[in-house]
Amino acid sequence: MIKKVLVIALIAVIGFSLMNVMLQIPFGEKRETVGDYYLQKSPQELKVANSVTAIVVSFRGFDTLGEVTVLFLAAMSLASIMYRRKRKGDIEIRAKKPSSRILQVGAQIIFPMVVVLGAYVFIHGHLTPGGGFQGGAIIATASLLMLITYRKFKVNHNTITWIESIAGIVFVGIGMTGLLKGLTFLQNFLELGELNSLLSGGIIGIIYVAVGFKVAAELTGVIDTVLLNNRPDNNDNN
Amino acid sequence: MDQLLTISFYGTAIALIAVGLYAVLAKKNLLKIVIGLSIIDGGLHLLFVAIGYVKGGTAPIFSPEITSNDVMVDPVPQALVLTAIVIGFAVTAVALSLVIRLYRHHNTASIDQIKNLKW
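Residues numbered from 1 in each chain as written. Chains lettered and ligands numbered in written order. Predicted model: local features only at pLDDT ≥ 70, side-chain atom pairs only at ≥ 80, totals over all residues.

## Examining the overall build of chain A
Consideration 1: A count of helical and extended segments in chain A gives 8 helices and 0 strands.
Consideration 2: Starting at the N terminus and walking to the C terminus, you meet the elements of chain A as α-α-α-α-α-α-α-α.
Consideration 3: A globule of 238 residues ought to have a C-alpha radius of gyration of about 18 Å, yet chain A, at 23 Å, is considerably larger.
Consideration 4: Within chain A, the proportion of its 238 residues that are buried is 32%.
Consideration 5: Once local pairs closer than 6 in sequence are excluded, the contacts in chain A between residues at least 24 apart make up 71%. (Helix = DSSP H or I, 4+ residues; strand = E, 2+ residues; numbered from the N terminus. Rg over C-alpha atoms; globule rule 2.2 N^0.38 Å. Buried ≥ 20, exposed ≤ 12 C-beta atoms within 10 Å, placed from the backbone. Contact = placed C-beta atoms within 7 Å.)

What follows is the structure, encoded as structure tokens:
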């Protein structure tokens, strides 16, 4: 009880001081920030309609490479934490009962649509809201639907590893090509095209497609690892 | 009116952070602690995006309908939040897998009963 009172007092102090600091920053006011520079440069020099994409992939492209690496690291450590040795008699079935007919038929209809939506989101990442991470997450949702609907739906981890590796190599390879052409790492070396057309922005579209594939493969792998290695029936200390 | 908007936007974000912090500090169940971390994440993202808002601004996307007179919100906090969401996902995934592992080992998710966490 005394602990809860202490915690509430501490949170009240933190919240009050945070609020005091935040009230110094006027809400909704135009400020001269680095954002103005980006807003000016992204349609003119990069020919990218979506400035957030321009920042994430071009101005801070190196940071995004690190972000993708963090995601990869999380998937790897999750797999190694959740790993459990296969035994005799282990059957790779997730649910005890099969799912209902409605879910099975509905999943068949929805699955291709969701995959196409995800692909659309990451292909048009430089034109519309969205991008590689969002599109990849949408595709991973589709595979989650299949995994919880069909007890025997299997995700091939070999394929996932290949997709992941190729997408990562494409990302780094594009960056290195910039270096080979005498520019900086991840600088644009392709033709820019016209603003608001699909083939605009040079390397940004290609990088976001690669990121989309990578994120989709990684999230699908994460979901599959958690579902497969989490059978509650045997309580061994392994 | 402006003051009210400021207080409501920043206040919501800070309230979310406070709720998450309470869950992390006071709850006994490991799962609830991880949920608290996620709530703190959400509050921080809201705070970032609220700071970047410009009155009357549109999304920072130069679609053909945009004229040069249109005001746009600051794209930098949005890009930062995009990164932060992905990192938040990674943190939540690894934390949950550790919780599952602890549960498998101790048959409980309560931090009071997991004695070897104490020092």
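Don't stop here, the text continues.
## Some points on the overall build of chain B
Consideration 1: In terms of helices and strands, chain B carries 3 helices and 0 strands.
Consideration 2: Along chain B, helices and strands appear, N-terminal first, in the series α-α-α.
Consideration 3: A globule of 119 residues ought to have a C-alpha radius of gyration of about 14 Å, yet chain B, at 20 Å, is considerably larger.
Consideration 4: Overall, chain B is about 65 × 30 × 20 Å in size when its C-alpha atoms are taken along their principal axes.
Consideration 5: When burial is assessed residue by residue, chain B has 27% of its 119 residues classed as buried.
Consideration 6: In chain B, the share of contacts with a sequence separation of at least 24, taken over all contacts with a separation of at least 6, comes to 54%.

## A short note on the confidence of the model for chain B
Consideration 1: Per-residue confidence for chain B gives a mean pLDDT of 89, with 97% of residues at or over 70.
Consideration 2: Interface confidence for the predicted complex, expressed as ipTM, amounts to 0.85; the pTM equals 0.87. (pLDDT = per-residue confidence, 0-100.)

## Quick look at the nonpolar core
Consideration 1: Ala54(A), Ile55(A), Leu71(A), Phe171(A), Ile207(A), Val211(A) and Ala216(A) are the most contacted members of the largest nonpolar core, which totals 49 residues.
Consideration 2: Sorting the residues of this core by element identifies α2 (34-44), α3 (51-59), α4 (61-82), α5 (101-123), α6 (132-149), α7 (157-180) and α8 (203-228) of chain A together with α3 (75-106) of chain B as the ones contributing at least two each.
Consideration 3: The element contributing the most residues to this core is α8(A), with 12 residues.
Consideration 4: Excluding residues within four positions of it along the chain, Phe171(A) makes contact with Leu65(A), Val68(A), Ile207(A), Ala210(A) and Val211(A).
Consideration 5: Counting 9 residues, the second largest nonpolar core, distinct from the first, contains Tyr10(B), Ile17(B), Ala18(B) and Ala50(B). (Core = buried A, V, L, I, M, F, W, Y, C linked by C-beta atoms within 7 Å.)

## Quick notes on the interface of chain A and chain B
Consideration 1: The partner chain B presents 41 residues to the 45 residues of chain A that form the contact.
Consideration 2: Elements with a minimum of two residues in the side of chain A that touches chain B: α1 (2-22), α2, α3, α4 and α8 of chain A.
Consideration 3: Within the side of chain A that touches chain B, the residues separate by chemical class into 28 nonpolar, 11 polar and 6 charged. (Nonpolar A, V, L, I, M, F, W, Y, C, P; charged D, E, K, R; others polar.)

## Things to note about α3(A)
Note on helix geometry: an α-helix contains 3.6 residues per turn, so any two residues three or four positions apart are oriented the same way.
Consideration 1: Across the 9 residues of α3(A), 9 count as buried, placing the element largely inside the fold.
Consideration 2: Among the residues of α3(A), those classed as buried are Ser51(A), Val52(A), Thr53(A), Ala54(A), Ile55(A), Val56(A), Val57(A), Ser58(A) and Phe59(A).
Consideration 3: For α3(A), the secondary structure elements touched by its buried residues are α2, α4 and α8 of chain A together with α3 of chain B.

## A look at α8(A)
Consideration 1: In a regular helix each residue adds 1.5 Å, so 26 residues correspond to 38 Å; α8(A) covers 37 Å between its end C-alpha atoms and thus fits that length.
Consideration 2: In terms of burial, α8(A) is largely enclosed, as 20 of its 26 residues are buried. (Expected span 1.5 Å × (residues − 1).)

## Digging into the packing of helix α2 (residues 30-52) of chain B against α3(B)
Residues and elements named next belong to chain B.
Consideration 1: In contact at an axis separation of 10 Å, α2 and α3 are set at 180 degrees when each is read in the N-to-C sense. The angle between the axes of α2 and α3 places the two elements in the roughly antiparallel class.
Consideration 2: Looking at side-chain class alone, the contact of α2 with α3 contains 19 nonpolar, 6 polar and 1 charged residues. (Axes fitted to C-alpha atoms, helices over the stretch in contact; angles between N-to-C directions. Parallel < 35°, antiparallel > 145°, perpendicular 65-115°, else oblique.)

## Looking at the packing of α2(A) against α3(A)
Residue and element names in this part refer to chain A.
Consideration 1: Interhelical geometry of α2 versus α3 gives an angle of 90 degrees and a closest axis separation of 9 Å. When the axes of α2 and α3 are compared, the pair comes out roughly perpendicular. Seen from α2, the contacting residues are Tyr 38, Leu 39 and Ser 42; seen from α3, they are Ser 51, Ala 54, Ile 55 and Phe 59.
Consideration 2: Class assignment of the residues belonging to the contact of α2 with α3 gives a composition of 5 nonpolar, 2 polar and no charged.

## Thoughts on the environment of Ile111(B)
Residues and elements named next belong to chain B.
Consideration 1: When you line up the elements, Ile 111 lands in the segment after α3.
Consideration 2: Under the C-beta neighbour-count criterion, Ile 111 is labelled partly exposed, with 15 such atoms within 10 Å.
Consideration 3: Sequence separation of Ile 111 and Ile 33 is 78 residues, and the distance between their C-alpha atoms is 10.0 Å.

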